[in-house]
Amino acid sequence: MKTNVMKALTLVMALVCVFALTGCGAEEVDAEGLWADAVYLSDEEFGEGGKTVTVEVVVEEKRVVFTVHTDADTVGEALLEHELIDGDESTYGLYIKVVNGITADYDVNASYWAFYVDGEYAMSGIDATEIDEAASYQLVYTKE
């Protein structure tokens, strides 16, 4: 009887561990608020190529990470080739209006997409920023 109790206890502990580990993965973002328009609600991987760029998209305290394998030279090219961003071309470069289906429009509600490299506000536009596989990139929905 003691052996059966130990086996049952071991089984219960194993199940607890399995359920605990299941919750350790990337959390899926709830599709509410601005995220209701999002194309992807969880981390995604795209493409094939010799370079890898990882971009974290942050909106309202929630985030998803896109990992793009590409032969493109710039971060902007890599994201555009998978339709992860969209915007308007200007004399200053690409003005990002849409990331992952989520629109930021300064003229409508004073919102815009801020681009960060290694935690610092980027000094160049996304379409002029050459891919550095060691760098971390963020696109952050920002509202004034």
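Check the entry above for the structure.
The model shown is predicted, which means the values in this text are computed figures rather than measured ones.

J.: What's the story with the overall build of the chain in this structure? I'm lost.
T.: On a plain count of helices and strands, the chain comes out with three helices and nine strands. Its helices and strands in sequence order give the chain the pattern α-β-β-β-α-β-β-β-α-β-β-β, from N to C terminus. Taking all 144 residues of the chain together, 32% fall into the buried category. Within the chain, residue pairs in contact and separated by at least 24 positions form 47% of the contacts whose partners lie at least 6 positions apart.

J.: Could you clarify how one ought to interpret the pairing of strand 2 (residues 51-59) in this entry?
T.: On a regular strand, each side chain points to the face opposite its neighbour's, so the side chains alternate between the two faces of the sheet. Relative to strand 3 (residues 62-70), strand 2 runs antiparallel, the two being bridged by nine bridges. Note on strand 3: the bridge partner recorded for Glu 56 is Val 65. The antiparallel hairpin formed by strand 2 and strand 3 contains two residues in its connecting segment, where Glu 60 sits at a positive phi of about 50°. Pairing geometry for strand 2 and strand 9 (residues 137-143), over four bridges, is parallel. Note that in strand 9 the partner of Val 55 across the bridge is Tyr 137.

J.: Honestly, unusual backbone geometry in this entry has me stumped. Any pointers?
T.: Most peptide bonds are trans, and most residues other than glycine sit at a negative phi. For Glu 60, which is not a glycine, the phi torsion comes out positive at approximately 50°. Structurally, Glu 60 can be placed in the loop between strand 2 and strand 3. Positive phi, normally seen in glycine, also occurs at Asp 118, with a value near 50°. As for its placement among the helices and strands, Asp 118 is situated in the loop between strand 7 (111-117) and strand 8 (120-121).

J.: Sorry if this is basic, but what is going on with the side chain of Ser 111 here?
T.: Tracing the backbone shows Ser 111 in strand 7. For Ser 111, the side chain forms a polar contact with the main-chain nitrogen of Asp 105, separated by 3.0 Å. In terms of polar contacts, Ser 111 uses its side chain to reach the side chain of Asn 109, at 2.5 Å. Contacts of Ser 111, omitting those with residues within four sequence positions, involve Tyr 95, Ala 104, Asp 105, Tyr 106, Tyr 141, Thr 142 and Lys 143.

J.: So what exactly am I meant to see when it comes to the packing of aromatic side chains here?
T.: How two aromatic rings sit relative to each other is given by the distance of their centres and the angle of their planes. Tallied over the entire structure, the rule returns seven aromatic pairs. On the numbers, 5.7 Å between centres and 75° between planes, the contact of Phe 46 with Phe 66 is edge-to-face. One end of the pair, Phe 46, is in strand 1 (residues 44-46); the other, Phe 66, is in strand 3, with 20 residues separating them in the sequence. The exposure class of Phe 46 is buried, given its relative accessible area of 11%. Measuring from ring centre to ring centre gives 6.5 Å for Tyr 106 and Tyr 112, while their planes differ by 50°; the resulting arrangement is tilted.

Definitions and cut-offs
- Residues numbered from 1 in each chain as written.
- Predicted model: local features only at pLDDT ≥ 70, side-chain atom pairs only at ≥ 80, totals over all residues.
- Heavy atoms only, no water.
- Helix = DSSP H or I, 4+ residues; strand = E, 2+ residues; numbered from the N terminus.
- Buried < 20%, exposed > 50% of the residue type's maximum accessible area, 1.4 Å probe, protein only.
- Contact = heavy atoms within 4.5 Å.
- Pairing = 2+ DSSP bridges.
- Polar contact = N/O pair within 3.5 Å; in protein donor to acceptor, adjacent residues only side chain to side chain.
- Phe/Tyr/Trp six-rings, centres within 6.5 Å; stacked < 30°, edge-to-face > 60°.

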